[in-house]
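# Notes for the structure review
Below are the chains, spelled out letter by letter.
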Amino acid sequence: MIDLKNILLPTDFSDTSLIATRYAIELSKRFSATLHLLHVIEDPGVSIAAFDSFPLPSPVEFETYAAERLESWIAPDDSAGLEVRRRWVHGAPFSQIIRDSRENTISLPPLPLP
């Protein structure tokens, strides 16, 4: 039998992530697994000519936004009875997701959506 203890749900706060969230919540409840909600803040590159006329948010503003979205991403009714661990990190999403999976002994890493 499958034994899931930790499920990783990386999110970019998109509609597709919202669909994945519904599945992750259900799996976490069925297996009494901890749901790890992760957002990776991809730092803007040095050559962003398109944004020259618009000021970019500061790193603290990106972090504040991420923390607020993570906190409200799962409705209280949906998270009732679940252990949800929320965190954000800076970096490239693909490498940070892999790193997070290893560091937190993730049983079910993120799966590609259809």
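Parameters at a glance
Residues numbered from 1 in each chain as written. Predicted model: local features only at pLDDT ≥ 70, side-chain atom pairs only at ≥ 80, totals over all residues. Heavy atoms only, no water. Helix = DSSP H or I, 4+ residues; strand = E, 2+ residues; numbered from the N terminus. Buried < 20%, exposed > 50% of the residue type's maximum accessible area, 1.4 Å probe, protein only. Core = buried A, V, L, I, M, F, W, Y, C linked by side-chain atoms within 4.5 Å. Contact = heavy atoms within 4.5 Å. 1 Å grid on protein atoms, 1.4 Å probe; cavity = no way out; pocket = protein on both sides within 12 Å on 5 of 7 lines; lining within 4 Å. Points joined across faces, edges and corners; volume = space filled by probe spheres on them. Nonpolar A, V, L, I, M, F, W, Y, C, P; charged D, E, K, R; others polar. Pairing = 2+ DSSP bridges. Axes fitted to C-alpha atoms, helices over the stretch in contact; angles between N-to-C directions. pLDDT = per-residue confidence, 0-100.

On the secondary structure map, Ser 28 appears in helix H1 (residues 15-31). Owing to a relative accessible area of 0%, Ser 28 belongs among the buried residues under this scheme.

Attention shifts here to the nonpolar core. Within the largest apolar cluster, 16 residues are counted, with the highest numbers of intra-cluster contacts made by Ile 7, Leu 9, Leu 35, Leu 37, Ile 74 and Val 84. Listing elements by their share of this core, those giving two or more residues are strand E1 (6-10), H1, strand E2 (34-41) and helix H2 (59-73). Broken down by element, the residue count for this core peaks at three residues, all from H1. Sequence-distant contacts of Leu 35, defined by excluding residues within four places in its chain, comprise Ile 7, Leu 9, Ala 24, Ile 25, Ser 28, Ile 74, Glu 83, Val 84 and Arg 85. Counting five residues, the second largest nonpolar core, distinct from the first, contains Leu 8, Val 40, Ile 97 and Ile 106.

This part covers the layout of surface pockets. If a probe the size of a water molecule is rolled over the atoms, the empty space left behind becomes visible. Each pocket or cavity is described by its volume, and for the second largest pocket that value is around 280 Å³. In terms of lining residues, the second largest pocket is bounded by 13 residues, among which Asp 12, His 39, Val 40, Ile 41 and Glu 42 are the most central. Broken down by secondary-structure element, the contributors of at least two residues to the lining of the second largest pocket are E2, H2 and helix H4 (93-103). Looking at which element gives the most residues to the lining of the second largest pocket, the answer is E2, with four residues. Among the residues forming the lining of the second largest pocket, the class breakdown is nine nonpolar, two polar and two charged.

A separate point is the sheet that holds E1. Where strands meet in a sheet, backbone hydrogen bonds hold them as pairs that are either parallel or antiparallel. Taken in spatial order, the three strands of this open sheet run E1-E2-E3, and their pairing is parallel. The open sheet has two edge strands, E1 and strand E3 (84-90), and neither has a second partner. Going across the sheet, the axis of each strand differs from the next one's by a mean of 25°, ignoring polarity. Two strands pair when backbone bridges link them, and E2 and E3 are joined in this way by seven bridges, in the parallel orientation. What sits directly across from His 39, in E3, is Trp 88.

On average, residues of the protein score 88 in pLDDT, and 85% of them reach the 70 mark or higher. Summarising per-element confidence for the protein, the mean pLDDT is lowest in H4 (93) and highest in E3 (97).

In this section: unusual backbone geometry. Phi at Phe 13 takes a positive value of approximately 70°, unusual for a residue other than glycine. With a phi close to 45°, Thr 105 is a non-glycine residue in the positive phi region. By relative accessible area, which is 58% here, Thr 105 ends up exposed.

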